[in-house]
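# Fold and contact review
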Amino acid sequence: MIELIPAIDIIGGQCVRLTKGDYQQKTVYSDSPAEMAAGFEQIGFKRLHVVDLDGAKSKHIVNNQVLQQITTATRLTVDFGGGIKTDEDIAKAFDGGASMVTVGSIAVTQPDLFMGWLRKYGADRLILGADVRNGKISINGWKDDSTEDLLPFLRKYIDAGVRNVLCTEISKDGTLAGPAIDLYREVMAAYPQLHLIASGGVSSIDDIRALDAAGIPAVVFGKAIYEGKIDLKELAREYGIS
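Treat the numbers as computed from the prediction; the structure is a model and nothing was measured. (Residues numbered from 1 in each chain as written. Predicted model: local features only at pLDDT ≥ 70, side-chain atom pairs only at ≥ 80, totals over all residues. Heavy atoms only, no water.)

### What about helix 4 (residues 87-95)?
Looking only at helix 4, the buried set comprises Asp89, Ile90, Ala93 and Phe94. Looking straight down helix 4, one finds that the buried residues subtend no more than 130° of arc, so they occupy a single side. Relative to its buried face, helix 4 has exposed residues pointing more than 90 degrees away, namely Glu88 and Asp95. Buried residues along helix 4 sit in contact with helix 3 (64-73), strand 5 (77-81), strand 6 (100-103), helix 6 (111-121) and strand 7 (126-133). Among the residues trailing helix 4, Gly97 stands out with phi positive, at a value near 105°. (Buried < 20%, exposed > 50% of the residue type's maximum accessible area, 1.4 Å probe, protein only. Helix = DSSP H or I, 4+ residues; strand = E, 2+ residues; numbered from the N terminus. Arc of directions from axis to C-beta. Contact = heavy atoms within 4.5 Å.)

Written out as structure tokens, the structure is:
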């Protein structure tokens, strides 16, 4: 059964969502990410994906205090990403209570540093972020596209021990247009052992059912929650998390 992971994206200490990663297309949903997280926990969710969008843009962690508020207020297993560029950043994320971190840009720009973190913290605590636009890995808060193609990029890190990958199809993110199921199927066909976390475009429980039917191990979703497109209590009952 697919693992369900609600998302909280943070700008200026607020819970927000962007459309296609565009900082100019921002909607604020809550002034208290910690209260939002506690609500997810109350329903029965065990995992939470938190993104420091200020950090992703600034290239260093910005909202670590918000992370700490979330991990203090809840017992959720939090994976945290956005702005993790240095040893100090990743230590700050773990010190803030994150159980796992998601790292993408550094895996492209400084692969030796990423490999050092993989060895130091282990594959269970490190999620490889693979954000895709036009078939290429995107970096630095989706502001820049690299020359890396998705499947070869994943291959070199899977061979090195990576087991968890968060893959976002940027053209789908925040659009409520449905997830890129064909892309995720392609990844799972190439690397069936992977714990793939799909992200982007989820608009309904039917989308989650379709990802589950396609054999995708996990899904991150946010805007569909905040826009009232998904009844979380119904979802919790269907997937046995309440």
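### Here's the deal with the confidence of the model for the protein chain
For residues with low pLDDT, the predicted coordinates do not support detailed interpretation. The share of residues in the protein chain with pLDDT of 70 or more is 98%, and the mean pLDDT across the chain is 93. For the protein chain, the element scoring lowest by mean pLDDT is strand 9 (residues 144-149), at 83; strand 5 scores highest, at 98. (pLDDT = per-residue confidence, 0-100.)

### A few points about the packing of aromatic side chains
Throughout the structure, instances matching the rule amount to five aromatic pairs. Ring geometry for Phe114 and Tyr157: centres 4.8 Å apart, planes at 65°, overall edge-to-face. Here Phe114 is found in helix 6, whereas its partner Tyr157 is found in helix 7 (residues 150-159), with 43 residues between them in sequence. Relative to Tyr157, the ring of Phe153 has its centre 5.6 Å away and its plane inclined at 75°; by these criteria the two rings are edge-to-face. One end of the pair is Phe153 and the other is Tyr157, both in helix 7 and four residues apart, which spans about a single turn. For Phe153, a relative accessible area of 0% puts it in the buried group. The rings of Phe114, Phe153 and Tyr157 are connected pair by pair, giving a single aromatic cluster. In this arrangement the basic side chain of Lys57 is found over the ring face of Tyr23, its NZ or CZ atom lying 4.8 Å from the centre. In this structure, Arg125 is placed above the aromatic ring of Phe94, and the distance from its NZ or CZ to the ring centre is 3.9 Å. (Phe/Tyr/Trp six-rings, centres within 6.5 Å; stacked < 30°, edge-to-face > 60°. Lys NZ or Arg CZ within 6 Å of the ring centre and 35° of its normal.)

### Quick notes on the side chain of Ser146
One can find Ser146 in strand 9. The class for Ser146 is buried, based on a relative accessible area of 12%. In this structure the side chain of Ser146 is engaged in a polar contact, spanning 2.7 Å, whose partner is the backbone oxygen of Ile137. A polar contact is formed between the side chain of Ser146 and the backbone nitrogen of Glu148, at a distance of 3.1 Å. (Polar contact = N/O pair within 3.5 Å; in protein donor to acceptor, adjacent residues only side chain to side chain.)

### Some details on helix 9 (residues 205-213)
Considered for burial, the residues of helix 9 that qualify are Ile205, Asp207, Ile208 and Leu211. In a view along the axis of helix 9, the buried residues occupy a sector of 160°, so they form one face of it. Exposed residues lying more than 90 degrees from the buried face of helix 9 are Asp206 and Ala213. Contact partners of the buried residues in helix 9: strand 1 (3-11), helix 8 (181-190), strand 11 (195-199), strand 12 (218-221) and helix 11 (232-238).

### Overview of the side chain of Ser138
With respect to the helices and strands, Ser138 occurs in strand 8 (residues 136-139). Here the side chain of Ser138 touches Arg133 through a polar contact of 3.1 Å, side chain to side chain.

### Let's talk about the environment of Val108
Note on placement: Val108 falls in helix 5 (residues 105-109). On the accessibility criterion, Val108 (17% relative accessible area) is buried. Residues Val108 and Val62 lie 46 residues apart in sequence; the distance between their C-alpha atoms is 21 Å. When near neighbours in sequence (up to four residues on either side) are disregarded, Val108 contacts Ile137, Ile139, Ser146, Glu148 and Phe153.

### A few points about the packing of helix 7 against helix 8
For the pair helix 7 and helix 8, interaxial distance at closest approach is 11 Å and the crossing angle is 40°. In this view, helix 7 runs oblique relative to helix 8, as classed from their interaxial angle. The handedness of the crossing between helix 7 and helix 8 is right-handed. Taking contact as the criterion, the partners of Leu150, Leu151, Leu154 and Arg155 in helix 7 are, on helix 8, Leu183, Glu186, Val187 and Ala190. Of the residues assigned to the contact of helix 7 with helix 8, the class counts are six nonpolar, no polar and two charged. (Axes fitted to C-alpha atoms, helices over the stretch in contact; angles between N-to-C directions. Parallel < 35°, antiparallel > 145°, perpendicular 65-115°, else oblique. Left-handed = near helix turned anticlockwise from the far one by under 90°. Nonpolar A, V, L, I, M, F, W, Y, C, P; charged D, E, K, R; others polar.)

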